[in-house]
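In case you want the letters, here they are:
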Amino acid sequence: ERGGFDGVGQAMSGAMYMTGTPGNPVKAAAPYVDYSTAVLSAFGTLAALMQRAQTGEGQEVQTNLLGTAMAVFGSHLIEQSALAINRVPTGNRVQTSAPSDVFATRDGHILTHTVGNGLFRRWARLMGDAERWISDPRFQSDQSRGDHSADILARMRQWCSERTTDEALRELQAAGLPAGPVHTLQKALDHPQVAAMQALQAITDFPGLQRPASVPNLPVKLSVSGGGITHRPPLLGEHTDEVLRSLGYSSEEITGLRDARVI
């Protein structure tokens, strides 16, 4: 009975609480609840179509923002329900591994995510004095490293502060450690990996557009049927008549629906 927006789902699922810091909940800028609900709606529709193809029976497909938000945040909710840990937010610092955080370089920031003993050993060798880190009883598992991360994070902060972003990323990559730069919006658009993946497509023919708009392409690659953007997004209601005619409505019926404010 209540209206909803992406941020409401983020707030009610616990995600805003855990994304921020104590006393300062933070909403993710990406409207992931909206987009994920749309994806799940498509998923449900495809499942219904497969069921119809097998049985001839149609059905209604329902999704909602809160249900999606709870599902996406499920790992944290499952942990809370099973273990009642009552975690408090820690900003960018991951609580279940280390070093998994955002670190300042000489000219920007990077994010590293170090999970598993294998990656931690690689990190220790990169930092130097590897035996000290590897043999420390506090650092024998992801969770114990997350629980006792202060020394690990301090060493990583020092290491990053002595390097530019490019230098840090090159050394981390050479060591086999996952990391990435914290990009501005424009840098995200301009990154060569984005171009290589054809993750964006320029739209030039949208009415009133003063410059090309980079629109996210379909992030699913299909080896046979392909898929992706084939034309610009429509204006609101631009294809209403076309869709209704394809469903068998006459021009007179469409006019009647419009006069009655149905469409």
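Residues numbered from 1 in each chain as written. Predicted model: local features only at pLDDT ≥ 70, side-chain atom pairs only at ≥ 80, totals over all residues. Heavy atoms only, no water.

A. Highlighting the pattern of salt bridges. Applying the stated rule across the entire model yields 8 salt bridges. The partner of Arg138 in a salt bridge is Asp136, and the shortest N-O contact between them spans 3.0 Å. Classification of Asp136 as buried rests on a relative accessible area of 14%. A salt bridge links Glu162 to Arg163; its shortest N-O distance comes to 3.5 Å. Relative accessible area serves as the criterion here: at 43%, Glu162 is assigned to the partly exposed category. We classify Arg163 as buried; its relative accessible area is 17%. Connected through shared salt-bridge partners, Asp136, Arg138 and Asp151 make up one network. (Salt bridge = Lys/Arg side-chain N within 4 Å of Asp/Glu carboxyl O. Buried < 20%, exposed > 50% of the residue type's maximum accessible area, 1.4 Å probe, protein only.)

B. Here's a closer look at the sheet that holds strand E3 (residues 179-181). Spatial strand order, E1-E2-E3: 3 strands in an open sheet with antiparallel pairing. Only two strands of the sheet have a single partner each, and these edge strands are strand E1 (101-104) and E3. With direction set aside, neighbouring strand axes in the sheet form an average angle of 25°. Examined bridge by bridge, E1 and strand E2 (residues 109-112) share 4 bridges and lie antiparallel to one another. Within E2, the position partnered with Asp101 by the bridge is Thr112. (Pairing = 2+ DSSP bridges. Helix = DSSP H or I, 4+ residues; strand = E, 2+ residues; numbered from the N terminus. Axes fitted to C-alpha atoms, helices over the stretch in contact; angles between N-to-C directions.)

C. Structural detail: the packing of helix H6 (residues 117-127) against helix H9 (residues 150-161). The N-to-C vectors of H6 and H9 enclose an angle of 50°; their axes lie 11 Å apart at closest approach. The angle between H6 and H9 falls in the class oblique. The crossing of H6 and H9 is left-handed. The residues of H9 that touch H6, namely those facing Phe120, Trp123, Leu126 and Met127, are Ile152, Arg155, Met156 and Trp159. Here the contact of H6 with H9 is composed, by residue class, of 7 nonpolar, no polar and 1 charged. (Parallel < 35°, antiparallel > 145°, perpendicular 65-115°, else oblique. Left-handed = near helix turned anticlockwise from the far one by under 90°. Contact = heavy atoms within 4.5 Å. Nonpolar A, V, L, I, M, F, W, Y, C, P; charged D, E, K, R; others polar.)

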